[in-house]
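If you want the building blocks of each chain, they are given just below.
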Amino acid sequence: MAAPAEDTPVGRRLKNVKNIIIVCSGKGGVGKSSVSTQLALCLRASSPTARVAILDVDLTGPSIPRMLGLDGHPVHQSSDGWVPVYADGSEARLACMSVGFLLKKKEDSVVWRGPKKNAMIRQFLSDVRWGDLDYLVVDTPPGTSDEHLSLVEHLAPVHSRLSAVIVTTPQAVALLDALKCLSFTRATSLPVLGVIENMSGYVCPCCGEISNVFSTGGGEAMASREGIPFLGSLPIDTELVTLLDASDVSKAEDTASTSDGEVRSFRLLENYEKTPTASLFKTIAEQITRTLASRQSEGDVAIQQTA
Amino acid sequence: MIALQQSTPAPDPLSVPSNAPEHCPGTESELAGKADACAGCANQEICASGQSRGPDPALPLVRARMASVKRKILVLSGKGGVGKSTFTAQLGWAFAADEQIQTGIMDVDICGPSIPTILGIASEQVHASSSGWSPVYVQDNLGVMSVGFMLPSARDAVMWRGPKKNGLISQFLKDVDWGTLDYLVVDTPPGTSDEHLSIVQYLKESGIDGAVVITTPQEVALQDVRREIDFCRKVGIRVLGLVENMSGFVCPNCKTESQIFKPSTGGGRKLAQDMDVEFLGAVPLDPRIGKSADYGISFLDEYPDSPATTAYLDIIEKIKEQLGD
């Protein structure tokens with residue numbers, strides 16, 4: 001709580017970031033990146049002036065560039081730090097930074113041990129010129145290891161603005177890892193906004209029958225058992241999978257044409273809003289913004305009282 | 001005779017590091033003894049002198065222990081949740097179906113161990129004896145080691161940085177009483193980081209027979225798997241082949257097959273071609289696979305007529321072929 005703690009490069013850089021939301025899950029492949037992407041899109045759409053950014057700290061498996069259709073974009077240096085890649089072109093309300101932008105070839109692997117990952121995360125937090133942001137969504141790799149510890153440690157100066165969303169799928173094997181993730185948030189006193197159950201059921205496109213491919217209901221049961229909010233469940237949506245997977249990259253190399261980027265990203269948000277999941281996710285995003293807003297006003301009251 | 005340091009008690013993964021600082025760069029690192037984190041560490045002088053940069057003292061012990069293991073196979077994937085652990089378990093069960101074949105499964109996913117649950121032995125514990133830690137046996141020719149057996153409760157998170165994870169992996173290799181094994185199957189976490197580098201380094205001298213790489217059909221997964229194959233090439237591990245999991249879903253009601261994860265860029269088959277690795281086969285998504293994993297029962301034994309079982313068995317056959325067994 002000491003004020004001077006703010007005075008680290010990370011603290012200074014993130015001074016004008018109102019909320020930082022860490023999306024995590026113990027398990028891999030449950031949809032952290034797709035939830036992060038959707039959360040960012042929904043938050044951006046939540047108000048005409050909202051400024052949002054996604055930071056992808058999954059260093060050995062970055063997926064965010066692909067999902068935003070930004071594969072192959074390079075990162076530019078400016079005198080004031082790295083310029084993030086904007087998914088919505090000149091409107092510049094949805095920024096993104098990922099190690100994926102720094103790789104030359106798509107099959108290049110990042111084979112790093114902990115200390116190098118730690119340094120990269122510190123750079124992402126202290127050297128990227130985010131500007132003023134309403135929300136910074138941080139997409140994390142699976143597990144509770146180097147990346148997570150580094151993240152929480154470097155973000156300590158802005159700890160009061162941190163919160164976490166836990167993503168899980170309904171089967172027992174995934175819930176087990178989600179519990180570990182929850183233990184992690186408790187150990188690092190990270191407030192949890194809630195649990196999202198992803199891949200909950202699949203609707204057969206042919207006959208409409210709902211199959212619980214990975215079972216169902218486990219996330220909600222876990223949330224109530226652990227006394228944390230349940231934000232909602234999302235069925236498997238093939239339209240969404242296709243949208244986030246098959247982003248048109250043919251023009252990605254043509255980086256100079258920002259107008260083109262704008263049109264394309266508009267299309268991403270527009271297309272996203274047409275998927276069945278979008279309306280479900282909107283209520284999830286609303287719950288998140290509401291919780292954050294009430295927390296903020298509480299915080300303001302607390303500050304006034306102490307002052 | 002196997003060289004042993006001394007009888008090693010099963011470690012407590014929740015304990016704080018013995019005496020290394022949190023950001024220890026690792027004793028074999030260029031920065032050993034020179035990094036910021038080293039200031040004040042009791043071992044700083046030794047590390048800075050470069051003595052510790054010699055070969056890891058665990059290596060001869062690992063080599064001795066692994067001398068009685070015939071085949072060492074890694075199961076890898078850059079992406080999480082594609083079915084590495086499920087496949088590892090099925091592979092282990094399939095090998096162990098022959099009573100003459102001794103099989104071991106080692107789970108090096110330290111932060112998210114799933115193997116104990118999938119094999120139905122989640123409540124077991126590791127026993128330490130004078131010849132090392134005994135693996136947990138699913139049946140008498142299938143032994144398993146995982147950090148999951150060492151946690152007081154399933155909800156406990158192992159919040160470790162790299163050097164501690166590496167330490168545990170070396171212990172799994174040198175201190176576990178594997179006995180004589182025909183196959184040791186190693187399940188790995190997603191990514192290309194500490195765990196992967198460590199297992200490769202520790203097993204380098206004993207030789208890794210190959211890696212099976214698992215993917216799902218969509219490009220987001222293929223991207224990471226491409227990187228994993230690149231990793232295998234960089235460190236010189238032979239890729240036995242690529243398995244495409246969750247490939248197509250047959251509706252239990254109308255029997256129509258649909259693609260949940262669309263192979264928008266050609267799926268695993270195309271990737272295998274592009275990267276010039278063997279395509280071992282595609283396993284369709286059967287909800288009963290996930291359920292079997294949750295209940296810890298063998299899918300292959302339970303549902304012998306599922307198309308997924310046929311696919312699994314085909315793939316396992318091909319892996320044996322690749323190994324020359």
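As annotated in an unreviewed UniProt entry, chain B carries the name CsMn41 and comes from Ceriporiopsis subvermispora. UniProt, in its Sequence similarities (unreviewed entry) section for chain B, records the words "Belongs to the Mrp/NBP35 ATP-binding proteins family. NUBP1/NBP35 subfamily." Regarding chain B, the UniProt comment filed under Function (unreviewed entry) reads as follows: "Component of the cytosolic iron-sulfur (Fe/S) protein assembly (CIA) machinery. Required for maturation of extramitochondrial Fe-S proteins. The NBP35-CFD1 heterotetramer forms a Fe-S scaffold complex, mediating the de novo assembly of an Fe-S cluster and its transfer to target apoproteins."

The annotation that UniProt attaches to chain A under Function (unreviewed entry) is "Component of the cytosolic iron-sulfur (Fe/S) protein assembly (CIA) machinery. Required for maturation of extramitochondrial Fe-S proteins. The NBP35-CFD1 heterotetramer forms a Fe-S scaffold complex, mediating the de novo assembly of an Fe-S cluster and its transfer to target apoproteins." The Sequence similarities (unreviewed entry) field of the UniProt record for chain A holds the comment "Belongs to the Mrp/NBP35 ATP-binding proteins family. NUBP2/CFD1 subfamily."

Draft legend 1. Representation of the overall build of chain B in the model. Within chain B, the secondary structure is distributed over 11 helices and 12 strands. A burial count over chain B gives 58% of its 325 residues as buried. For chain B, the exposed surface amounts to about 12800 Å²; the carbon and sulfur share of it is 49%.

Draft legend 2. Representation of the pairing of strand β7 (residues 133-139) of chain A within the structure. Residues and elements named next belong to chain A. Of all 7 residues making up β7, 7 are buried, and the element is well covered by its neighbours. Here strand β1 (residues 17-24) pairs with β7 via 6 bridges, running parallel. By the bridge assignment, Asn19 is partnered in β7 with Tyr135. In the sheet, strand β2 (residues 52-56) pairs with β7 via 5 bridges, with the strands oriented parallel. Within the sheet, the bridge partner assigned to Leu55 lies in β7 and is Val138.

Draft legend 3. Focus on the UniProt feature "binding site: ATP" (unreviewed entry) in chain A. The positions that UniProt labels "binding site: ATP" (unreviewed entry) are, in the present scheme, Gly26, Lys27, Gly28, Gly29, Val30, Gly31, Lys32 and Ser33 of chain A. Mapping Gly28 of chain A onto the fold places it in the loop between β1 and α2 (32-45). Judged by relative accessible area, Gly28 of chain A falls into the buried class, the value being 7%. Contact partners of Gly28 of chain A, with chain neighbours within four places excluded, come to Pro142 of chain A together with Gly80 and Gly81 of chain B. By relative accessible area, Val30 of chain A is classed as buried at 2%. Residues in contact with Val30 of chain A, not counting those within four places in the same chain, are Ser25, Val167, Thr168, Thr169, Asn198 and Met199 of chain A.

Draft legend 4. Structural view of helix α8 (residues 267-275) of chain B. All names here are of chain B. Within the span of α8, buried status applies to Gly267, Gly268, Leu271, Ala272 and Met275. Seen from one end, α8 has its buried residues packed into an arc of 150°, which puts them on one side. Turned more than 90 degrees away from the buried face of α8 sit Arg269 and Gln273, all of them exposed. Those residues of α8 that are buried are in contact with β8 (210-215), α7 (219-235), β9 (239-244) and β12 (279-282).

Draft legend 5. Spotlight on the interface of chain A and chain B. Contacts between the two partners involve 61 residues from chain A, matched on the other side by 62 residues from chain B. For the pair chain A and chain B, the two sides together bury roughly 5100 Å², of which 55% comes from carbon and sulfur. Its largest share of buried area at the contact with chain B, chain A owes to Arg113, Lys180 and Asp245 of chain A, together 14% of the area lost on that side. Inspection of the region where chain A meets chain B yields 4 salt bridges. Between Glu226 of chain A and Arg155 of chain B there is a salt bridge, with its nearest N and O atoms 2.9 Å apart. For the interface between chain A and chain B, the tally reads 31 residue pairs in polar contact (both at pLDDT 80 or more). Top element by residues in the side of chain A that touches chain B is helix α6 (residues 172-187) of chain A. It accounts for 10 residues. Per-class residue counts for the side of chain A that touches chain B are 27 nonpolar, 18 polar and 16 charged.

Draft legend 6. Structural context of the packing of aromatic side chains. In this structure the tally under the stated criterion is 7 aromatic pairs over all chains. With a centroid separation of 5.2 Å and 85° between ring planes, the pair formed by Tyr202 of chain A and Phe249 of chain B is classed as edge-to-face. Pair noted here: Tyr202 of chain A is in strand β10 (residues 202-203) and Phe249 of chain B is in strand β10 (residues 249-250), and the two residues belong to different chains. A ring pair is formed by Trp133 of chain B and Phe172 of chain B, whose centres lie 6.2 Å apart and whose planes are at 85°; its orientation type is edge-to-face. Within this pair, whereas Trp133 of chain B is found in strand β4 (residues 132-134), its partner Phe172 of chain B is found in helix α5 (residues 162-174), the two being separated by 39 residues in sequence. Phe172 of chain B shares its class with Trp133 of chain B; the two are buried. Three or more aromatic residues joined by ring pairs make a cluster, and in this case those are Phe87, Phe299, Tyr303 and Tyr312 of chain B. The aromatic ring of Tyr303 of chain B is capped on one face by Arg288 of chain B, whose charged end is 4.5 Å from the ring centroid.

Draft legend 7. Examining the UniProt feature "binding site: [4Fe-4S] cluster" (unreviewed entry) in chain A more closely. Sequence positions flagged by UniProt for "binding site: [4Fe-4S] cluster" (unreviewed entry) are, in local numbering, Cys204 and Cys207 of chain A. Mapped onto the secondary structure, Cys204 of chain A falls in the loop between β10 and β11 (210-211). Those residues in contact with Cys204 of chain A that lie beyond four places of it in its chain are Glu209 of chain A together with Cys251 and Cys254 of chain B. Within the element layout of this structure, Cys207 of chain A appears in the loop between β10 and β11. Excluding its chain neighbours within four sequence positions, the residues that come into contact with Cys207 of chain A are Cys251, Asn253 and Cys254 of chain B.

The rules we used
- Residues numbered from 1 in each chain as written.
- Chains lettered and ligands numbered in written order.
- Predicted model: local features only at pLDDT ≥ 70, side-chain atom pairs only at ≥ 80, totals over all residues.
- Heavy atoms only, no water.
- UniProt positions renumbered as here; feature names shortened; annotations may be inferred.
- Helix = DSSP H or I, 4+ residues; strand = E, 2+ residues; numbered from the N terminus.
- Buried < 20%, exposed > 50% of the residue type's maximum accessible area, 1.4 Å probe, protein only.
- Areas by Shrake-Rupley, 256 points an atom, 1.4 Å probe, with all protein chains shown as cover.
- Pairing = 2+ DSSP bridges.
- Contact = heavy atoms within 4.5 Å.
- Arc of directions from axis to C-beta.
- Buried area = accessible area lost by both parts, 1.4 Å probe.
- Salt bridge = Lys/Arg side-chain N within 4 Å of Asp/Glu carboxyl O.
- Polar contact = N/O pair within 3.5 Å; in protein donor to acceptor, adjacent residues only side chain to side chain.
- Nonpolar A, V, L, I, M, F, W, Y, C, P; charged D, E, K, R; others polar.
- Phe/Tyr/Trp six-rings, centres within 6.5 Å; stacked < 30°, edge-to-face > 60°.
- Lys NZ or Arg CZ within 6 Å of the ring centre and 35° of its normal.

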